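# A look at the structure
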Amino acid sequence: MIEQGLILPPALLLLAGAFVLPLVPQKARSPVFLLFPASALAAIIPLPDGSLLRVTVLHMDLVLVHADALSRLFGMIFAFITLAGGVFAYHERDLGQQMAGLAYGAGAVGVTFAGDWITLFVFWELMAISSTVLVWARQTPESHRAGTRYLLVHLFGGSLLLAGILLSAGSGIPLTLGALTDRASALAWLMLGGVALNAAIPPLHAWLADAYPKATVTGAVFMSALTTKSAVYVLARVFAGWEILIILGVIMALYGVVYAVLANDIREILAYHIISQVGYMVAGVGIGTQLALNGAAAHAFSHILYKALLFMGAGVVLYTTGRSKLTELGGLYRRMRLTFWLYMIGAFSISGFPLFNGFISKSMVVSAAGESHLDSVYLLLTLASVGTFLHTGLKLPYFTWLGRESGSNPARVPVNMHVAMGMVALLCTLFGVIPGLLYRHLPFPADYEPYTVSHLVEAVQILVLTFVGFWLLRSKLAGEPLLALDTDWFYRRPAGFLQRTLVSGITRLFDSADRFVVQGVRQLSVFSKNPSVIIHRRKQGERFDPHRSRPPLGIALSLVLIALLLVALLSVQ
């Protein structure tokens, strides 16, 4: 039963697109794709505050659309990046990827506007399934295995979340989505575990660096923007002020930086740095003050833009050269100048350069740590900024575009790829130059000025010293053709043993049992035709002749008469 039906859920606009595309001629699919995220964005912007669409299903009150400043901010950026991803993938004709991209965007937008845990869980699992398709769609043995691992990990995380939801329902706790204050509750920790996995909080993070580099060129753009940031939204909505998130966020900020420096694949570098940047958001949610939550939301918004731009740049390199390893790249600048400079806008943004959006968002979280007298958190988050510029702003572009010639002969870049990069780069710059355009949409009134003398001086010092250090040590920072194992070692290493024991071993056991049963049935069939065959062979040792060995008919009739006599005697008694 629908209690309020005036609002069409924005997520359903995107999901409808996934079902409409197969009905559209192939040449028209790319432009039609763009209509749905554009319509969703237009529907999100004017949404008023409140629970706008309630339905009753199986005696459960579900809120399909609940809007406020926080959900509108995330909803707008999710819809926009789905639109930009569609422009970037405009040249693609793979219907499966196009449908998965829209369904993935629908999942993220649906999570953002869900007003209850059941609705959130449905869209949560939609994200897991549709993003897996974007990994499998690359159609390589590596992407197939990585996609399978990715799906299994996310199904595990969804199971944790569902367990917490079911415990809540069984305990009579309302399923309305809101802040959880009982930090000793098992259901709250189950839910936190499920959300933490999607946020890639160590040690539940290895799926990200494993799957993102193996996704399709266009699929990785969607993945870089949606899964982890939708988890940040849920953390801000439900777990704000949980101190454990401060510790986990700082660990993420440093952990991701270290592994990004070690990585050799350009998309793996960017994937690890997602972990680092999400660490700032997680720490901001843990601090829980208005400034910290504003910073977490603003940084998630900014991160979606510049990280998508960076993945677009890396995707163009992979698309045109077929290579993604630093050790196989180099000297591409002369042939890919526009790609390089658009990428560098994303690199300047993520590194906290003044006049770019990373400068006006990341510093809010760091400042919130200082205002809350968390001096160690302040220093460690500042330290993580050094690693950001080192690998994303210096190492990756230098060894990809400016290093030694690799002999690559890049193919022509589709115009739509550069158009999408230009769209996102423009916003990265616009919000950096005019911070108020972003600050006015934050969940709390923003009283923060990023362009102070102290902040500018600090940023310039970090950037200059990091550049000098890189230039002096650049020969030591070149990529190595090695695989840096992470916590995925714990399920990669025993995979062969588990495969042999739990899959191949059990399969062989069932095959043996099947052969044993079939052979037994065959022998029983032969014996049942004429049991005397065995006796005959043992006594005479001659070839069996059924006409000689078959018992006389009189014996059978005698046995029947004896049986009837016994039955009659028993009946008389």
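Residues numbered from 1 in each chain as written. Predicted model: local features only at pLDDT ≥ 70, side-chain atom pairs only at ≥ 80, totals over all residues. Heavy atoms only, no water.

Counting its secondary structure elements, the chain contains 23 helices and 2 strands. Buried residues in the chain amount to 54% of all 573 residues. Partitioning the intrachain contacts of the chain with sequence separation of at least 6 by distance along the chain shows that 80% fall at a separation of at least 24. Roughly 25700 Å² of accessible area belongs to the chain as shown, and the carbon and sulfur atoms make up 68% of that amount. (Helix = DSSP H or I, 4+ residues; strand = E, 2+ residues; numbered from the N terminus. Buried < 20%, exposed > 50% of the residue type's maximum accessible area, 1.4 Å probe, protein only. Contact = heavy atoms within 4.5 Å. Areas by Shrake-Rupley, 256 points an atom, 1.4 Å probe, with all protein chains shown as cover.)

The subject of this paragraph is helix H10 (residues 244-262). With 19 residues, H10 ought to run about 27 Å at 1.5 Å a step, and its terminal C-alpha atoms sit 27 Å apart, in line with that. Next to the buried residues of H10 lie helix H7 (186-198), helix H9 (219-238), helix H11 (266-287) and helix H15 (375-402). (Expected span 1.5 Å × (residues − 1).)

Attention now goes to empty space enclosed by the protein. Summed over all chains, the structure comprises 2 cavities of 30 Å³ or more. In this structure, the largest cavity spans a volume of roughly 100 Å³. Lining the largest cavity are 13 residues; nearest its centre among them are Phe-33, Ala-89, Gln-97, Gln-98 and Phe-222. Secondary structure elements with two or more residues in the lining of the largest cavity: helix H2 (26-44), helix H3 (69-88) and helix H4 (95-113). Counting residues per element, the lining of the largest cavity draws most heavily on H4, which supplies 3 residues. Residues that form the lining of the largest cavity fall into these classes: 5 nonpolar, 7 polar and 1 charged. Here the second largest cavity defines a volume of roughly 40 Å³. Taken together, Trp-124, Glu-125, Met-127, Ala-128, Ser-131, Tyr-150, His-154, Asn-198 and Thr-227 form the lining of the second largest cavity. (1 Å grid on protein atoms, 1.4 Å probe; cavity = no way out; pocket = protein on both sides within 12 Å on 5 of 7 lines; lining within 4 Å. Points joined across faces, edges and corners; volume = space filled by probe spheres on them. Nonpolar A, V, L, I, M, F, W, Y, C, P; charged D, E, K, R; others polar.)

A few words on unusual backbone geometry. A cis amide bond, omega 5°, links Pro-202 with the succeeding residue Pro-203. We note that Leu-355 has phi near 80°; this positive angle belongs to a residue other than glycine. Structurally, Leu-355 is set in the loop between helix H13 (337-350) and helix H14 (357-371). On the basis of relative accessible area, Leu-355 is assigned to the partly exposed category, the value being 47%.

Pairing analysis gives 7 bridges linking strand E1 (residues 50-57) to strand E2 (residues 60-67), with the strands arranged antiparallel. Within the sheet, the bridge partner assigned to Val-57 lies in E2 and is Met-60. In textbook terms, the turn of a hairpin is the stretch between consecutive antiparallel strands, and for E1 and E2 this stretch comprises 2 residues, one of which, Leu-58, has a positive phi near 50°. (Pairing = 2+ DSSP bridges.)

A complete count under the given rule lists 5 salt bridges for this structure. One salt bridge in this structure joins Arg-149 and Asp-210, with 2.8 Å as the shortest N-O distance. One end of the pair, Arg-149, is in helix H6 (residues 141-170); the other, Asp-210, is in helix H8 (residues 206-211), with 61 residues separating them in the sequence. Given the relative accessible area of 3%, Asp-210 is considered buried. As a salt-bridge pair, Asp-210 and Lys-214 come within 3.4 Å of each other at their nearest N and O atoms. Given the relative accessible area of 22%, Lys-214 is considered partly exposed. In the salt-bridge network here, residues are joined through shared partners; they are Arg-149, Asp-210 and Lys-214. (Salt bridge = Lys/Arg side-chain N within 4 Å of Asp/Glu carboxyl O.)

Two elements in contact, H11 and helix H12 (residues 290-321), have axes whose closest approach is 9 Å; the angle formed by their N-to-C orientations is 175°. When the interaxial angle is binned, H11 and H12 end up roughly antiparallel. (Axes fitted to C-alpha atoms, helices over the stretch in contact; angles between N-to-C directions. Parallel < 35°, antiparallel > 145°, perpendicular 65-115°, else oblique.)

For any two helices packed against each other, one specifies the inter-axial angle together with the distance between the axes. In the contact formed by H13 and helix H16 (residues 415-433), the axes pass within 10 Å of each other and the chain directions differ by 30°. Taken together, the axes of H13 and H16 lie roughly parallel to each other. In this structure, H13 meets H16 at a crossing whose hand is left-handed. For the pair H13 and H16, contact is made by Leu-338, Thr-339, Leu-342, Tyr-343, Ile-345 and Ser-349 and by His-418, Met-421, Gly-422, Ala-425, Cys-428 and Thr-429, respectively. Taken together, the residues that form the contact of H13 with H16 break down as 7 nonpolar, 5 polar and no charged. (Left-handed = near helix turned anticlockwise from the far one by under 90°.)

Our next topic: H4. For an α-helix the count is 3.6 residues per turn, leaving residues at separations of three or four pointing the same way. Here H4 contains 19 residues, and its C-alpha end-to-end distance of 27 Å stays within 8% of the 27 Å for a straight helix at 1.5 Å per residue. Burial of H4 is extensive: 16 of the 19 residues sit out of reach of the surface. A distance of 3.0 Å separates the backbone nitrogen of Gly-96 from a side-chain oxygen at the start of H4, and that oxygen is part of Asp-94. (Polar contact = N/O pair within 3.5 Å; in protein donor to acceptor, adjacent residues only side chain to side chain.)

Here we come to the side chain of Ser-349. Secondary-structure assignment places Ser-349 in helix H13. Its relative accessible area of 0% is what places Ser-349 among the buried residues. Among the polar contacts made by the side chain of Ser-349, one reaches the main-chain carbonyl oxygen of Ile-345 at a distance of 2.8 Å. Among all residues touching Ser-349, those that are not within four sequence positions of it are Tyr-306, Phe-356, Asn-357, Gly-358, Phe-359 and Cys-428.

Moving on to the packing of aromatic side chains. Summed over all chains, the structure comprises 23 aromatic pairs. Through successive ring pairs, a cluster of aromatic residues spans Tyr-333, Phe-340, Trp-341, Tyr-343 and Trp-401. In this structure, Lys-362 is placed above the aromatic ring of Tyr-280, and the distance from its NZ or CZ to the ring centre is 5.2 Å. (Phe/Tyr/Trp six-rings, centres within 6.5 Å; stacked < 30°, edge-to-face > 60°. Lys NZ or Arg CZ within 6 Å of the ring centre and 35° of its normal.)

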